[in-house]
Amino acid sequence: MENNNVAIVTGASRGIGREIAKSLAKRGIIVVANYNKSEKEALKLQEELKKEEIAIDIFKADISKKEECEKLIKYTENKYKKIDILINNAGIDKYQLIDEVKEEDWNEIINTNLYSAFCMCQGAVKNMIHNKKGCIINISSIWGIVGASQEILYSISKAGMDGLTKALAKEVGPSNIRVNSIAPGIINTEINNNLSNQEIDQIKEEIPLNKIRENTRYCKMCKLVN
Ligand code: NDP
């Protein structure tokens, strides 16, 4: 399927980002899939798609650092000349009581989840404004809306991401650039590995279907099915 659009997906080596990157690449979109620590997984994704004769570009960058975000943007612009889609997906979480939170925790979580999204947006919108076209999707979280006990930094980062989304949507909307957040509930990926069975059961009780999404797949009509 031919498609001229160019997308950057941050944190595409594992979990949700990997599935987004795969799904875009399968639609013929040129994807730059960012990873940081999980090089093996990123290469595996490339191999997996290659078997289906689908190309995907991978690029290592620690997006918690502004200069690394700039490298990722520059790489994409130099190679593909434009950025049509930006998916700010990379994220981390840590379970802590408020008095356990140290300055380095603040820097790590806020920089990875929020400052990265700001830096990536700042870099990408220049290109998008020039082309009068663009789509930015920030992967936020339900915890940014309702708050999560013992996940204060995570909740702050996701609430901040929603603020970024709303403000930027107004600023760049007139240039034909859409900015939206998606706030998933719980999805079974490695980010939730620290949850105990008891905590998982408590979360399930609050979900109308009483289950956590496992292996998600998309039907032909693009509706999520389980
Ligand atoms: P995973 O832990 O499975 O994957 C996290 C991804 O983020 C990895 O690809 C990891 O790459 C990347 N990443 C982390 N730090 C950095 C960094 N400094 N630079 C570049 N990449 C980085 O988590 P999920 O797939 O579950 O989470 C994806 C997003 O979805 C996150 O923003 C999360 O907050 C959000 N979300 C998840 C929910 C869930 O229940 N799973 C619910 C709501 C929101 P690498 O390993 O290569 O470093």
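Structure first, text after, so check above.
Residues numbered from 1 in each chain as written. Predicted model: local features only at pLDDT ≥ 70, side-chain atom pairs only at ≥ 80, totals over all residues. Heavy atoms only, no water.

## A closer look at the overall build of the protein chain
Scanning the protein chain from N- to C-terminus turns up seven helices and eight strands. Here the C-alpha radius of gyration of the protein chain, 17 Å, is about what a compact globule of 226 residues would show, namely 17 Å. In terms of principal-axis extent, the alpha carbons of the protein chain reach across some 50 × 35 × 35 Å. Here the protein chain holds 226 residues, and the buried ones make up 43% of them. Expressed as a percentage of contacts within the protein chain between residues at least 6 apart in sequence, the contacts between residues at least 24 apart total 67%. About 13100 Å² of surface is accessible on the protein chain, with carbon and sulfur atoms providing 51% of the total. (Helix = DSSP H or I, 4+ residues; strand = E, 2+ residues; numbered from the N terminus. Rg over C-alpha atoms; globule rule 2.2 N^0.38 Å. Buried < 20%, exposed > 50% of the residue type's maximum accessible area, 1.4 Å probe, protein only. Contact = heavy atoms within 4.5 Å. Areas by Shrake-Rupley, 256 points an atom, 1.4 Å probe, with all protein chains shown as cover.)

## Here's the deal with the packing of helix α3 (residues 66-80) against helix α4 (residues 103-131)
Where α3 contacts α4, the two axes come as close as 9 Å, and the packing angle between them is 30°. Taken together, α3 and α4 sit at an angle that is classed as roughly parallel. Our pair here, α3 against α4, has a crossing hand that is right-handed. Residues K66, C69, L72, I73 and E77 of α3 form the contact with α4, whose participating residues are Y115, S116, C119, M120, Q122, G123, A124 and N127. Its residues assigned to classes, the contact of α3 with α4 shows seven nonpolar, four polar and two charged. (Axes fitted to C-alpha atoms, helices over the stretch in contact; angles between N-to-C directions. Parallel < 35°, antiparallel > 145°, perpendicular 65-115°, else oblique. Left-handed = near helix turned anticlockwise from the far one by under 90°. Nonpolar A, V, L, I, M, F, W, Y, C, P; charged D, E, K, R; others polar.)

## Quick look at the site of the ligand
Near the ligand you find 33 residues, and of these I16, S38, N89, Y154 and T189 are the closest. Within the backbone of I16, a nitrogen or oxygen atom sits 2.8 Å from an oxygen atom of the ligand. I63 has a polar backbone atom sitting 3.1 Å from a nitrogen atom of the ligand. Protein coverage of the free-state accessible area of the ligand, which is 890 Å², stands at 95%. At the level of secondary structure, the elements contributing two or more residues to the shell around the ligand comprise α1 (15-26), β2 (30-35) and α6 (152-172). Residue classes in the shell around the ligand are distributed as 13 nonpolar, 15 polar and five charged. (Near = heavy atom within 4 Å. Polar contact = N/O pair within 3.5 Å; in protein donor to acceptor, adjacent residues only side chain to side chain.)

## Looking at empty space enclosed by the protein
With the rule as written, the count across this model stands at one cavity of 30 Å³ or more. Taken as a whole, the largest cavity holds about 40 Å³ of empty space. In this structure, the largest cavity is lined by T10, I63, N88, N89, A90, T112, N113, S116, A117, M120 and M161. Per element, the largest residue contribution to the lining of the largest cavity is five residues, and it comes from α4. (1 Å grid on protein atoms, 1.4 Å probe; cavity = no way out; pocket = protein on both sides within 12 Å on 5 of 7 lines; lining within 4 Å. Points joined across faces, edges and corners; volume = space filled by probe spheres on them.)

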